[in-house]
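Results of the structural survey
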Amino acid sequence: MVTCKFKGKKRESVGARDRLAKEGMVKVKKFKAHSLIDKVYSRLNLLIAYERVRANKGAAGVDRVSLGRFEKNLEWNIEEIHRLLYENKYVPSPVRRVYIPKGNGKMRPLGIPTVRDRVVQQAILNKVEKLFEPKFKDCSYGFRPNRSGLQAIAMVERYLKEGYQWVVEVDIESFFDTVQQERLVDLVAEEIADGRVLRLIHSILKSGVMDDMGVKYQTTGTPQGGVISPLLANIYLHPYDEKMMDEGYKVVRYADDVVVLCKTKSEAERAFEKTGQILEGDLKLKLNRDKSKIVHKSQSFEFLGYLFGYGYSDYKMPREKAIRSFKDKVRWLTRRQQPKKITDIIKELNPVIRGWRNYFKNGCSKRVFWKLDCWIENRLRAFKAKGWGLRTHLKMPHEVFEKMGLITLNETFYPNYNDLLPVKGQQYRKAVYGKSVSTV
């Protein structure tokens, strides 16, 4: 209901109503989304959801049904999901627990839902995301439409240039494992009044995890690796964004990676204390006190794979952990035990190189890129050496890899990069009057 203190005005335009609401002159009743479940289980939405799941690829869940196998009976599978959701009989399967290595030597747990569950989660995401997107704050960049980690990094740089030189690094310990499920469903219910959708989301949270010891059911956490988990993370951390921005703090958040930038140390200390009150008090999360700290930009700090610092000028460059992670991927793709052609290895390498280059090309990365380019080519020479024996470097200069289609990292900085890389085993040479001589 809309009430206005001005007499003679029975109807206001949407723009005028919003303006008056901000000035406190109009009370606008907040409406929630009703009857949302029929839009979720519509056949068209389920087909769109499947196309997005297929584009993201991914492994099979506990039922061992792959995307290829699911697609062979696509029409029947979509109709079955539609029927189960329509009849309110859908029960999500437990997620399959896998572990991937972290940079510190520990293992990160991931949960892989079944293809059917991923389609259902994507169908929910298609309809629910648009309801929450308008309320999210500008400081949130993770897993949102038309937003990226590079934009978050650019915003951090902007604040640093504006004089916000004290940085609060916020590290939430095991965020996806400690989210309070009941609290999360309550936050979702602020925008959605459809009980069936709320119960469906709640059942996904309580679906359990299957590992070698059987199925475990948890009362906290969201399945890290699920399609809908990033949106639920943004919903859960939205109160933190809201309260910090209301206090005037410069927050930049990408999922559970958070930094707060301040102009003075005392302001940073207050921001750190306020962060603890909201995250640990209101949201029942736990701060990692060893990694959460206050630093000046001259001491350097890390955010989203970049190392920010202050030397002769402000700089940012790939941090050591990001470099190690990239090299681990290259090592796996170029392992010598594979019965493959080197051209096939290069085709698998190129997307990894291109993605890493596009993310880190805006930093002070020339030296790092140069070293990695030489290292990658050495890995490829070693792969070929098992068939050629010794002196492989004489048979495979950089030009050979270029003809095979290998992408290099430093192409961004050096247009004539191919002329700069020396043949393996040779020294740099300087041409004088058409001859190659030693530099004087």
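Here the structure is a predicted model, which means the values were calculated and not measured. (Residues numbered from 1 in each chain as written. Predicted model: local features only at pLDDT ≥ 70, side-chain atom pairs only at ≥ 80, totals over all residues. Heavy atoms only, no water.)

The strands making up a sheet are joined through hydrogen bonds of the backbone, oriented either antiparallel or parallel. In spatial order, the strands read β8-β9-β5-β10; together these four strands make up an open sheet with antiparallel pairing. Of all the strands in the sheet, just β8 (250-254) and β10 (293-296) have a single pairing partner and so form its edges. Neighbour-to-neighbour, the strand axes of the sheet open up by a mean angle of 20°, direction not taken into account. Here β8 runs beside strand β9 (residues 257-262); their pairing, made up of five bridges, is antiparallel. Its bridge partner lying in β9, Arg 253 is registered against Val 258. Against the sheet, helix α7 (residues 149-161) touches β5 (166-171), β8 and β9, its axis set at about 160° to β8. The sheet contacts of helix α11 (residues 229-246) involve β5, β8 and β9, and relative to β8 the element is tilted by about 170°. (Pairing = 2+ DSSP bridges. Helix = DSSP H or I, 4+ residues; strand = E, 2+ residues; numbered from the N terminus. Axes fitted to C-alpha atoms, helices over the stretch in contact; angles between N-to-C directions. Contact = heavy atoms within 4.5 Å.)

Let us now look at the packing of aromatic side chains. Counting across every chain of the model gives 15 aromatic pairs. Considering the side-chain rings of Phe 132 and Phe 136, the 6.4 Å spacing of their centres and the 25° angle between planes classify their relative orientation as stacked. Judged by its relative accessible area of 1%, Phe 132 is buried. On the basis of relative accessibility, which here comes to 7%, the residue Phe 136 falls in the buried class. Taking 5.1 Å as the distance between ring centres and 75° as the angle between the ring planes, the aromatic pair formed by Phe 175 and Phe 176 counts as edge-to-face. What makes Phe 175 buried here is its relative accessible area of 2%. Each member of the aromatic cluster is reached from another via a ring pair, and the members are Phe 301, Tyr 306, Phe 308, Phe 326, Trp 356, Tyr 359, Phe 360 and Phe 369. In this structure, Arg 147 packs its charged tip against the face of Tyr 141, placed 4.7 Å from the ring centre. Looking at Arg 335, its charged tip hangs above the ring of Trp 332, at a distance of 3.7 Å from the centre. (Phe/Tyr/Trp six-rings, centres within 6.5 Å; stacked < 30°, edge-to-face > 60°. Buried < 20%, exposed > 50% of the residue type's maximum accessible area, 1.4 Å probe, protein only. Lys NZ or Arg CZ within 6 Å of the ring centre and 35° of its normal.)

With that settled, consider unusual backbone geometry. Phi angles above zero are rare outside glycine, and Lys 57 is one such case at about 60°. Assignment of secondary structure puts Lys 57 in the loop between α3 (43-56) and α4 (67-72).

Counting buried positions along β8 gives four out of five residues, so the element sits mostly inside the fold. From the end of β8 to the start of β9, which pair antiparallel, there are two residues, and Ala 255 there has a positive phi angle of about 60°.

Because an α-helix completes one turn every 3.6 residues, residues spaced three or four positions apart along the sequence face the same direction. With 14 residues, helix α13 (residues 320-333) ought to run about 20 Å at 1.5 Å a step, and its terminal C-alpha atoms sit 20 Å apart, in line with that. Residues of α13 that are buried include every one of Ala 322, Ile 323, Phe 326, Val 330 and Leu 333, and no others. Mapping the buried residues of α13 onto a view down its axis gives an arc of 100°, with all of them on the same face. Exposed residues on α13 whose side chains face more than 90 degrees from its buried face are Glu 320 and Trp 332. (Expected span 1.5 Å × (residues − 1). Arc of directions from axis to C-beta.)

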